[in-house]
Structures are given as C-alpha cells and as structure tokens.
Amino acid sequence: MKESLNFSILRFKPSLPMSTSWSAAVAAAPIVGYNVGVGNDEKIRETPRAARRLTAGLLPFVHTGGLMRILTYITTEEDAGRAARSVVPRRFQLGTHAFRRLKVEGGILCDGAPLRADTVLRAGQRLEIRMDNGETKAKTEIKAALDGLPPSFIRYIDEDMLVVSKGAPLATLPCGHIHTGTLREQLAALLGQDAAAFDYHPVNRLDKGTSGLLCVARHAHAQRLLTGQLHTDSFIREYLAVTEGVPAQREGVIDAPIARLGTGAKRAVRPDGRRAVTHYRVEQAAGGRALIRLRLETGRTHQIRVHLAHIGCPICGDYLYGRELPELKDRFALHSARLRCVQPVTGETVEVVEPLPEELKALLTPSAFCAPRCRRLGCGRNSVPPQAR
C-alpha cells in the first residue's frame, strides 16, 4: 500500500460575545489542529476537502505549544537522502530569510533535536518549526494603551491570523511623527499582551484616516503566505467611500497610473506613474454626494483617494485631495467594508464584512446638505438641495 499523509481534523471557529474581554477570550479559545500520521489513500479520501488540499501540497500539521506556533511534518520516502536545507523550506513553504532566521534561533527541530542545514534526512522523521506568535503575558495596563484611541474590534482570530476592524483616525504602523498610539499597541492591549514584544505583521495597509477591515498575520510564516495572496483572486478587498460629486457612469473601471508629487506624501495621476486599477460601482446618490463601492486590482499608495479625485469626485473630508469637513475629525469618508482571504495554513476561506460607520452614513442624510442657518432652525424640505429631492 502506498504511504501518504493522513490528517485527522479538529477545526474550531471561536464565537465570542463582544462583552468578553479579549485577553480572557483568547486564552479560552479552542485550538485548531491537524494530527498527522502515515495512512492509506482510503483514509485520506474520508477527510474533509481542506485536509485533502493540504495533503496534495504536503503541508504540515499544526498545533500550538504554549507561546509558540509549532508546525510539524513527517518526512516521506521522497524526502529520504535529501539535505534539510532542501526539504524544510519546500515542505513548510519558508522563504530563504525565514529559514535562516529559524535555523539560527534554534527553531527547526528533527525528532526533538536542533537540526543542521546539511543533515541528510530519513523517511519517518518528525520535523518541527517553532515560531513566536506573539502570545506573551501582559506587562502593560490595557486601559493606558487604549486611552484616547478610536475603538477597534477583532472580527476574526485564529492561531495564524486575525482580522481587525480599525478605528479612525488611527495609524497602522509608527511612521514619521507617529511613534505611539498605533493599531499595534491597541491590538496588543486587546489581546492582553505586552506591546513591546507583540508579534505584529499587517498584511494589507490602511491610511490613518481610513476605518475598517485589516488582515494581520500572527507570525512571519503566515505573513509570507498571506502576502503572496495580495492582488490575486484569493485576497479580495472592497471599500465604501462617500464622495463629493457623483461619477458620470454608475459603474466602471479607473485605469490611470499614479506617481508621487515631489518629496511629500501627495500622489497624482501621471503618465510616468505606476499602473493602478480601481473598479467602482455607485451604490447610492443624494444631494450631490455618492456612496461608492470600490475594489482594488492594484495596491498603490492613496490609490482610491487619487482615482476618485481624478474623476472629479474626491472623498468627503479628504484634506489632501479634496476638502476637510468639520463633522469628520481627523479622518475622511473611506471605509474597508469587506475582506476575503485564504487561511494560510488550513486553506479555508475567511470572509468578514464590516458595515459603514454611522458618522459616514450621516453624510448621505438630508440634514447633511442643510445650510448652517437651516440646521439651527431645524431641517425642513426647503433646506434640501433640489438635486437631492
């Protein structure tokens, strides 16, 4: 009988009430795991589809070990006689840098002992890679880390990744004059972890003034696999924007190259720029404003903001490409509303939807178009611009 990998599946999706503290919730969350052994083809056919996909790619078994994320693989006859430096990166889908770093840190084991890169492997040996996934004991006060920051909420979490709904204004990473008060510190606090030691790997980025869904890998291996999905059909991002002005066409594609203007942060559509493609559809129009759903085909800096300004419909409150609005303090009307990706280890689809915030919905209500005098007197029919009636 031909030997092959056999997966016994234990799959859980934590479902936790929003009132539960995330430090306690994560500690109580069930483990996702795959038990690997040597079996026959009949048993493999009996396992779920996700396991068969893993079997076909000879991907490793996954479980957790305290503060480490441990991936384990049992070598086969195909691996016998090969050096570890050839087998380990291929079986665990590790990049060259990640393999070298794990080797130096003693994070690669063979039958429980540290593995040398030139070790010749035999069939049936147990290979492990051990990576810190940021699960450290809390050393900072959660309240202190969250004071003054807009709220963010974890919408999906497992051992390899999480999806967070980021508040705005809130920076994803430290940059320029922003050194503290970022999403990194906020996530560490939500998970009850030490911000200084928190392993934080954002896969996609959101501007400080953009709210909504962001994918974060919990260790470097997951980041590499998730990053490889970006700008493919495996990683879908949809945004909602409220704009000043309504596009001439209700649905279309903006294919216009984007380049940096000078040395500052501002970008513009220019012939010498890099290719940028944005798909859009008008969901609603009122009072000279529009609610537009957008999907990115490429990922240029400020792409949505630049493209919408380019077609004469800048995002409401965008100080860089339009004009600020007093009702949107330090943010603009752009929201990451839908994120779909493939879980990097199990191969399952993860999809999260986040509704438009109330403050952005309010921009499309009749009262948002009233003159200041009308707002003081109370909104009536005469305060609504003709084009919105």
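Treat the numbers as computed from the prediction; the structure is a model and nothing was measured. (Residues numbered from 1 in each chain as written. Predicted model: local features only at pLDDT ≥ 70, side-chain atom pairs only at ≥ 80, totals over all residues. Heavy atoms only, no water.)

Draft legend 1. Representation of the overall build of the protein chain within the structure. For the protein chain, the count of helices and strands is 11 helices and 19 strands. For the protein chain, the residues scored as buried account for 50% of the 389 residues in total. Long-range contacts, defined as pairs at least 24 residues apart, comprise 64% of the intrachain contacts of the protein chain with a sequence gap of at least 6. (Helix = DSSP H or I, 4+ residues; strand = E, 2+ residues; numbered from the N terminus. Buried < 20%, exposed > 50% of the residue type's maximum accessible area, 1.4 Å probe, protein only. Contact = heavy atoms within 4.5 Å.)

Draft legend 2. Seen up close, the pairing of strand β8 (residues 153–157). Looking at chain direction, β8 and strand β9 (residues 161–166) are connected through four bridges and run antiparallel. Within β9, the residue paired with Y156 across the bridge is V163. Adjacent in sequence and paired antiparallel, β8 and β9 are bridged by three residues. (Pairing = 2+ DSSP bridges.)

Draft legend 3. Summary view of the pattern of salt bridges. All chains considered together, the criterion is met by 23 salt bridges. One salt bridge in this structure joins E244 and R323, with 3.3 Å as the shortest N-O distance. Note that E244 is positioned in strand β12 (residues 236–244) and R323 in the loop between α9 (303–310) and β18 (334–342), a separation of 79 residues in sequence. With relative accessibility at 47%, the residue R323 sits in the partly exposed group. Salt bridges linked by common partners bring E238, R281, E283, R293, R338 and E351 together as one network. (Salt bridge = Lys/Arg side-chain N within 4 Å of Asp/Glu carboxyl O.)

Draft legend 4. Molecular detail of the side chain of D158. Relative to the elements of secondary structure, D158 occurs in the loop between β8 and β9. Of the side chains with opposite charge, R218 comes closest to the buried, unpaired D158, at an N-O distance of 6.1 Å. At 2.8 Å, the side chain of D158 forms a polar contact with the backbone nitrogen of D160. At a separation of 2.9 Å, a polar atom in the side chain of D158 contacts the main-chain amide nitrogen of M161. Beyond its immediate chain neighbours, meaning those up to four positions away, D158 contacts R218 and Q343. (Lys, Arg positive; Asp, Glu negative; His and termini not counted. Polar contact = N/O pair within 3.5 Å; in protein donor to acceptor, adjacent residues only side chain to side chain.)

Draft legend 5. Structural view of the environment of A290. Structurally, A290 can be placed in strand β17 (residues 289–296). Distance from A290 to V242, taken between C-alpha atoms, is 5.5 Å for residues 48 residues apart in sequence. In this structure, A290 is in contact with A241, V242, T243, G245, V246, P247, V282, Q284, A285 and L364, ignoring residues within four places of it in sequence.

Draft legend 6. Region of interest: the environment of A309. Locating A309 in the fold gives a position in helix α9. Considering only alpha carbons, one finds A309 and G245, 64 residues apart in sequence, at a separation of 9.8 Å. Residues in contact with A309, not counting those within four places in the same chain, are P314 and Y321.

Draft legend 7. Representation of the side chain of T172. If you trace the backbone, T172 turns up in the loop between β9 and α7 (183–190). Among the residues examined, T172 registers a relative accessible area of 4% and is labelled buried. A polar side-chain atom of T172 sits 2.9 Å from the main-chain carbonyl oxygen of L206. Aside from chain neighbours lying at most four places away, what touches T172 is K166, T182, L183, R184, Y200, P202, R205, L206 and L214.

Draft legend 8. A look at the packing of aromatic side chains. Summed over all chains, the structure comprises one aromatic pair. Between Y73 and F92 the ring centres are 6.4 Å apart and the planes differ by 80°, which places this aromatic pair in the edge-to-face class. Here Y73, found in strand β4 (residues 68–74), pairs with F92, found in helix α4 (residues 84–92); they are 19 residues apart in sequence, far enough to count as distant. Taken as a pair, Y73 and F92 share a single burial class, namely buried. Here R305 stacks its cationic end above the ring of Y319, 5.9 Å away from the centre of that ring. (Phe/Tyr/Trp six-rings, centres within 6.5 Å; stacked < 30°, edge-to-face > 60°. Lys NZ or Arg CZ within 6 Å of the ring centre and 35° of its normal.)

Draft legend 9. Summary view of the nonpolar core. Membership of the largest hydrophobic core comes to 44 residues, with the highest contact counts inside it found for L187, L294, I304, I315, A333 and L363. The biggest single contributor to this core is β17, with five residues. Membership of the second largest hydrophobic core comes to 18 residues, among which are Y73, V87, L102 and L115. (Core = buried A, V, L, I, M, F, W, Y, C linked by side-chain atoms within 4.5 Å.)

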